[in-house]
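Tertiary structure, described
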Amino acid sequence: MMITAKEIINYMESMHNEEQRQVLMRFFKTGPGEYGEGDEFLGLKVPQTREVVKAAKDTPLSEIPELLMS
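In short, a report on the structure. (Residues numbered from 1 in each chain as written. Predicted model: local features only at pLDDT ≥ 70, side-chain atom pairs only at ≥ 80, totals over all residues. Heavy atoms only, no water.)

**Quick word on the packing of aromatic side chains**
Applying the stated criterion to the full structure yields two aromatic pairs. Geometrically, the ring pair formed by Phe27 and Phe28 is edge-to-face, given 4.9 Å between the ring centres and 85° between the ring planes. Look at Phe27 and you get exposed, because its relative accessible area is 58%. Their ring planes at 20° and their centres at 5.4 Å tell us that Phe28 and Phe41 sit as a pair that is stacked. On the criterion of sequence distance, the pair formed by Phe28 in the loop between helix 2 (18–27) and helix 3 (46–55) and Phe41 in the loop between helix 2 and helix 3 is long-range, its members being 13 residues apart. With a relative accessible area of 32%, Phe28 lands in the partly exposed category. Assessed through its relative accessible area of 22%, Phe41 is described here as partly exposed. In textbook terms, an aromatic cluster arises when at least three aromatic residues are bridged by ring pairs, as seen for Phe27, Phe28 and Phe41. (Phe/Tyr/Trp six-rings, centres within 6.5 Å; stacked < 30°, edge-to-face > 60°. Buried < 20%, exposed > 50% of the residue type's maximum accessible area, 1.4 Å probe, protein only. Helix = DSSP H or I, 4+ residues; strand = E, 2+ residues; numbered from the N terminus.)

Shown next as structure tokens:
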């Protein structure tokens, strides 16, 4: 089944974890003047990301640029 970039993004956003997000933003120094300034996180852990990748394995390559930019 083909899944679009927008569907992948929406699914990942639905798994948002604010507590984990804050931890990651501190760890990766995303504050003003820090090396990761401006980086954003959803607070997902690796097993969750792997779940998304498995579900999206048939996504057309034409959808990848949108995912990279999100």
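**Topic: the pattern of salt bridges**
Any two side chains of opposite charge can pair if their charged atoms end up close together. Across all of its chains, the model carries two salt bridges by this definition. For the salt bridge of Glu18 with Arg21, the shortest nitrogen-to-oxygen distance reads 3.5 Å. With Glu18 and Arg21 both in helix 2 and three residues apart, the pair spans about one turn of that helix. Residue Arg21 is classed as buried on the basis of its relative accessible area, which comes to 15%. With a shortest N-O distance of 2.7 Å, Glu40 and Arg21 are connected by a salt bridge. A residue pair is termed long-range when its members are at least 10 positions apart, and Glu40 in the loop between helix 2 and helix 3 and Arg21 in helix 2 qualify at 19 residues. You can call Glu40 exposed: its relative accessible area is 57%. (Salt bridge = Lys/Arg side-chain N within 4 Å of Asp/Glu carboxyl O.)

**Notes on the environment of Thr59**
Note on placement: Thr59 falls in the loop between helix 3 and helix 4 (64–69). A relative accessible area of 12% means that Thr59 is categorised as buried. The sequence separation of Thr59 and Leu42 amounts to 17 residues, and the corresponding C-alpha distance is 21 Å. Once you skip the residues sitting within four places of it in the chain, Thr59 turns out to touch Ile3 and Ile8. A distance of 3.3 Å separates the side chain of Thr59 from the backbone oxygen of Ile3, its partner in a polar contact. In this structure the side chain of Thr59 is engaged in a polar contact, spanning 2.8 Å, whose partner is the backbone oxygen of Ala56. (Contact = heavy atoms within 4.5 Å. Polar contact = N/O pair within 3.5 Å; in protein donor to acceptor, adjacent residues only side chain to side chain.)

Note that all results are geometric; they support no functional claim without further evidence.
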